[in-house]
Amino acid sequence: MKTREELVKRALQEIKVVAAGQTPSAEDAKTVDDEIVPVLSDLSKRNVYPFGDPDQIEDDAFVHLAIILGNSVAGSFGQPYDDGLRLMAESRLRQLYREQLSGQPVVVDYF
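Residues numbered from 1 in each chain as written. Predicted model: local features only at pLDDT ≥ 70, side-chain atom pairs only at ≥ 80, totals over all residues. Heavy atoms only, no water.

Participant: What exactly am I supposed to notice about the side chain of His64 here?
Facilitator: You can see His64 is positioned in helix α3 (residues 59–73). With residues up to four places along the chain from it excluded, the contact list for His64 reads Ala89, Arg92, Leu93 and Leu96. (Helix = DSSP H or I, 4+ residues; strand = E, 2+ residues; numbered from the N terminus. Contact = heavy atoms within 4.5 Å.)

Right, dumping it as structure tokens:
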């Protein structure tokens with residue numbers, strides 16, 4: 001599991017605001033952090049990614065969420081928005097969470 005702080009840092013790395021190993025400024029981190037809940041909520045409403053605890057990000061989803069989050073704040077940092085990149089990351093999240101988001105009941109095997 002990854003934390004919200006790690007997600008913020010990775011999103012800033014994705015848009016080249018900070019390099020790997022660097023610590024983002026408090027202002028930059030707040031700009032990204034303020035977008036986490038709206039972005040995750042949007043992804044959940046569109047059945048892309050099940051919104052849960054933003055302080056417990058699954059490892060499989062981490063990079064894809066960082067790409068989407070970074071892309072959503074790119075304009076605030078003078079970086080271009082890349083809709084193709086967003087769509088690719090959303091597609092990958094849908095593949096990872098297809099069963100959870102299908103709307104179908106989960107079949108449970110009892111032992």
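Participant: Help me understand the packing of aromatic side chains, please; the structure alone is not making it clear to me.
Facilitator: Taken as a whole and judged by the stated rule, the model has 1 aromatic pair. We note Lys2 situated over the ring of Phe62; from NZ or CZ to the ring centre the distance is 5.4 Å. (Phe/Tyr/Trp six-rings, centres within 6.5 Å; stacked < 30°, edge-to-face > 60°. Lys NZ or Arg CZ within 6 Å of the ring centre and 35° of its normal.)

Participant: Just to check I follow, could you spell out a negative patch on the surface for this structure?
Facilitator: On the surface, Glu5, Glu6, Asp59 and Asp60 cluster together to form a negatively charged patch. For the negative patch, the elements supplying multiple residues, two or more each, are α1 (4–14) and α3. Checked against the element boundaries, Asp60 lands in helix α3. (Patch = residues over 30% accessible without salt bridge, like charges linked within 9 Å, V, L, I, M, F, W, Y side chains within 5 Å. Areas by Shrake-Rupley, 256 points an atom, 1.4 Å probe, with all protein chains shown as cover. Salt bridge = Lys/Arg side-chain N within 4 Å of Asp/Glu carboxyl O. Lys, Arg positive; Asp, Glu negative; His and termini not counted. Charge placed at Lys NZ, Arg CZ, Asp CG, Glu CD.)

Participant: Can you walk me through the side chain of Glu90 in this structure?
Facilitator: Note on placement: Glu90 falls in helix α4 (residues 83–96). On the basis of relative accessible area, Glu90 is assigned to the buried category, the value being 2%. Once residues within four sequence positions are removed from consideration, Glu90 is found in contact with Leu43, Arg46, Val48 and Ile68. (Buried < 20%, exposed > 50% of the residue type's maximum accessible area, 1.4 Å probe, protein only.)

Coordinates in, geometry out; function isn't part of it.
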